[in-house]
Structure formats: structure tokens, C-alpha cells
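Take a look at the letters that make up each chain.
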Amino acid sequence: MFAEALAGSMTLADGITVVGTATNAARAFELVRTFRPDVVTLDADVGEADGVDIARELHRTAAPPKIVMVTCVADVDRILQAIWAGALGWVSKESPTATLADVVRGVARGHAWFPPHLLGTVLHAIVAASGGEPPDRTPLAALTPRERQVLRCMLAGLDRGATAQLLGLSLNTVRTHAQSVLAKLHVHSALEAVAVALRVGMRPDTAPAGFRRLGVVEATRAPDIALRSPNTPGGVLTTRRPAPAPASIGVGMLVRWPDPARRGAS
């Protein structure tokens with residue numbers, strides 16, 4: 001309904017001809033091949049597809065259209081992903097139709113437009129995320145938007161179950177994305193992936209209340225274990241293991257202990 005309403009409004013704008021609307025990725029690519037539009041407006045989520053992924057694929061075509069993202073998302077990381085995917089505009093769905101029409105006309109002429117109140121933050125984030133190097137040379141450049149979401153969940157300390165619940169994915173899908181992140185970053189653990197992400201300026205998202213986090217510690221120590229034995233007074237023998245000397249760990253170690261109340265073993 002939003003696509004149809006937007007198409008109807010844009011048809012009334014001076015200098016703009018709407019040649020088609022699509023509500024899924026396959027239809028979008030079909031229309032672009034058929035009509036070769038000058039400008040394509042994309043939502044951040046197109047059916048089951050990611051709008052930024054679609055923008056990236058369109059940008060790689062022989063005669064790529066100019067791309068304007070029209071979305072309710074205002075996340076700086078998503079805006080950066082769209083920029084690196086080739087988008088020249090980012091317009092909120094709350095903006096007046098006249099604003100979108102002006103942006104579309106400007107982008108068709110080769111201009112770019114991003115929300116003024118976010119532009120400063122976006123520019124600072126570009127510098128921080130790139131470490132002073134072009135985006136295509138940063139370690140995270142090879143990650144897809146979904147893989148970046150999974151990596152940000154790692155930064156937030158969420159385990160795979162919580163990540164799956166937060167992103168609306170299956171546990172197997174999260175596992176596949178996580179393995180892909182490790183492979184693309186050339187690391188062997190989530191801890192190493194987190195270290196790479198922090199080094200290039202990625203910020204952790206704040207996990208919603210109620211999601212289980214992995215604890216962050218500076219040294220590992222096995223918890224005290226209470227064992228029952230018929231050969232000892234009272235029947236309880238407590239075994240204590242000394243903690244090793246703290247190691248130098250840049251971002252801490254992600255571990256998950258059982259509930260302290262359940263550490264005793266019968």
C-alpha cells in the first residue's frame with residue numbers, strides 16, 4: 001500500500017515519470033532490466049530481501065540507476081552501508097512527498113542528499129569506520145548487511161539464540177552468518193571478530209532488556225565445585241581450583257557460566 005501511495009504521489013510531481021513499483025527483489029530487478037529507470041527508490045527491507053543488498057547489486061549492473069533509500073530506519077551504520085552500496089540519497093518515510101521529489105530530481109542530476117541532522121554524524125562515522133582508508137579497503141567491506149547485523153550482536157554480547165530472536169532468524173541461519181563473518185574477517189573466533197570490528201570503529205548496539213548476554217571477564221576461573229561423598233564428614237567435599245594469572249585480553253573474553261545457584265553438582 002505504501003508503494004502504491006508513493007507512486008501515486010510521485011506521478012503528480014513535475015519532471016518525474018513513475019514506470020513501475022515492486023514489493024520484492026525479483027520484481028525490482030525485472031523492472032529495472034525492462035525500463036532502465038534513471039532513479040530507483042528502495043526501502044531498507046523489500047519483502048524478505050535487504051534493500052541495501054539490492055542497491056549493491058543494482059550498482060554493479062552495466063548501466064546502474066541512481067538509488068535513493070526511502071525508509072523509516074535512521075541507523076547510522078545502515079546509512080553507511082547504503083552509501084558504500086552506491087546509494088546517493090536517504091529519505092525518511094516521514095518526509096513530505098515534495099522533499100522526496102526534490103531529492104529524486106537532484107539525484108537524477110548526480111547530486112546526493114542525506115538528512116541534514118544526521119549528516120555530521122554520518123561523516124564522522126565514515127572516517128571512524130574506515131580508519132582513514134577508503135571503505136573498500138576496510139576489513140568489514142566484504143560483509144553483507146545481514147552479516148554486519150550479526151557482528152553487531154556479537155559486539156553487544158548476545159549469544160546465537162538471542163541474536164536469532166532479535167533479528168527474526170533461525171538459529172541455523174545465524175550460525176551460517178556467524179561462520180561467514182569469521183571467514184571473511186580471516187579470524188577463528190567471535191572474540192577475534194569483535195576485536196577487528198572495534199578496531200575499525202564499529203559500535204555495539206544496546207541489546208533489548210531480557211536478552212541474555214555473554215559475560216565479559218579478564219581471566220578464566222573454574223567455579224568452586226561441591227561434590228557429595230559418603231566418605232567425608234557431612235557428606236560434602238568442596239574442591240577449589242586456583243585461578244590462573246590474569247591474561248592481557250584487549251576486549252575481554254566472552255564466556256557463559258551456569259547460574260551460580262546451580263553450580264553445585266550431586
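This text goes with the structure placed above it.
Nothing here was measured: the structure is a model prediction, and the numbers come from that model.

**Structural notes on the environment of A193**
Relative to the elements of secondary structure, A193 occurs in helix α10 (residues 190-199). Take A193: its relative accessible area is 0%, and that puts it in the buried class. It is 9.6 Å that separates the C-alpha atoms of A193 and A178, two residues lying 15 residues apart in sequence.

**Considering unusual backbone geometry**
Even without being glycine, R36 reaches a positive phi, approximately 45°. Looking at the secondary structure, you find R36 in the loop between α2 (25-35) and β1 (39-42). Given the relative accessible area of 59%, R36 is considered exposed. Positioned with a positive phi, H186 is a non-glycine residue whose angle comes to about 60°. Relative to the elements of secondary structure, H186 occurs in the loop between α9 (171-185) and α10.

**Overview of the environment of V103**
Examined against the element boundaries, V103 turns out to sit in helix α5 (residues 97-108). Along the primary structure V103 and W113 are separated by ten residues, whereas in three dimensions their C-alpha atoms are 6.5 Å apart. Those residues in contact with V103 that sit more than four places away from it in its chain are V68, V91 and W113.

**Focus: the pairing of strand β5 (residues 89-92)**
Bridge analysis of strand β4 (residues 66-71) against β5 gives four bridges, and the strand direction is parallel. Residue pairing in the sheet places T71 in a bridge with S92 of β5.

**Let's talk about the packing of aromatic side chains**
One pass over the structure, following the stated rule, counts zero aromatic pairs. Over the ring of F2 we find K93; its NZ or CZ atom is 4.6 Å from the centre of that ring.

**Digging into the sheet that holds β1**
Sheet architecture is open: three strands sit in the order β1-β4-β5, paired in parallel fashion. Every interior strand has two partners, whereas the edge strands, β1 and β5, have only one. Going from strand to strand, the sheet's axes swing by 25° on average, the running direction of each strand aside. Both β1 and β4 contribute to a ladder of four bridges, which runs parallel. By the bridge assignment for β4, V39 is matched with K66. Each of β1, β4 and β5 is contacted by α5, which is oriented at about 160° to β4, the strand it contacts most.

**Some thoughts on the side chain of T71**
Within the secondary structure layout, T71 lies in strand β4. Residue class for T71 comes out buried when judged on its relative accessible area of 1%. At 3.3 Å, the side chain of T71 and the side chain of D43 are in polar contact. One polar contact links the side chain of T71 to the main-chain amide nitrogen of V73, over a distance of 3.1 Å. When residues no more than four places from it in sequence are discounted, the contact partners of T71 are D43, A44, W90, V91, S92 and K93.

**Describing the packing of α2 against helix α3 (residues 51-59)**
Two quantities define a packed helix pair, namely the angle between the helix axes and the distance between the axes. At a closest axis distance of 11 Å, the pairing of α2 and α3 adopts a crossing angle of 25°. The pairing of α2 with α3 is recorded here as roughly parallel in orientation. When the axes of α2 and α3 are compared, the crossing they make is right-handed. In contact with A25, F29 and V32 of α2, α3 contributes I54, E57 and L58.

**Observations concerning α9**
An α-helix turns once per 3.6 residues; consequently, residues spaced three or four apart project the same way. Compared with an ideal rise of 1.5 Å per residue, which puts 15 residues at 21 Å, α9 spans 21 Å between its outermost C-alpha atoms and is within 8% of the ideal. Along α9, the positions that sit buried rather than exposed are V174, H177, A178, V181, L182 and L185. End-on view of α9: buried residues confined to an arc of 140°, all on one side of the axis. Of the residues in α9, the exposed ones pointing more than 90 degrees away from the buried face are N172, T176 and A183. Backbone geometry just downstream of α9 places H186 in the positive-phi region, at approximately 60°.

Rules used throughout
Numbering of residues begins from 1 in every chain and follows the order in which that chain's sequence is written. Since the coordinates come from a predicted model, pLDDT governs what is reported: local features require at least 70, and pairs of side-chain atoms require 80 or more to be given and counted, while whole-chain, interface and lining totals use all residues. Side-chain numbers here rest on the full set of heavy atoms in the structure, without hydrogens or water. Each helix is a run of H or I in the DSSP string that is no shorter than four residues. Each strand is a run of E no shorter than two, and both are numbered from the N terminus. Each residue is placed in one exposure class: buried if its accessible area under a 1.4 Å probe, protein chains only, is under 20% of its type's maximum, exposed if it is over 50%, and partly exposed if it falls in between. Residue contacts are defined here by distance: any two heavy atoms, one from each residue, within 4.5 Å place the two residues in contact. Only strands that DSSP links by at least two bridges are regarded as paired with each other. Only rings of Phe, Tyr and Trp enter the pairing, Trp through its six-membered ring, and a pair is recorded when the two centres are within 6.5 Å. The plane angle decides the type: under 30 degrees is stacked, over 60 is edge-to-face, the rest tilted. Here, a charge over a ring is recorded when the distance from Lys NZ or Arg CZ to the ring centre is within 6 Å and its angle to the ring normal is within 35 degrees. Angular values range over 0 to 180 degrees, each being the angle between N-to-C directions of two axes fitted as lines to C-alpha atoms, with helices fitted over their stretch in contact. Polar contacts, as counted here, are pairs of nitrogen or oxygen atoms within 3.5 Å of one another; within protein the pair requires one atom able to donate a hydrogen and one able to accept it, and residues that are adjacent in sequence qualify only if both atoms are side-chain atoms. These descriptions rest on fixed angle ranges, namely under 35 degrees for roughly parallel, over 145 for roughly antiparallel, 65 to 115 for roughly perpendicular, and the rest for oblique. For any pair of crossing helices, the crossing counts as left-handed if the nearer helix is rotated counterclockwise from the farther one by less than a right angle, and right-handed if it is rotated clockwise. To estimate the expected span of a helix, count its residues, drop one, and scale the result by 1.5 Å. Working note: the arc is built from the helix axis to C-beta atom directions.

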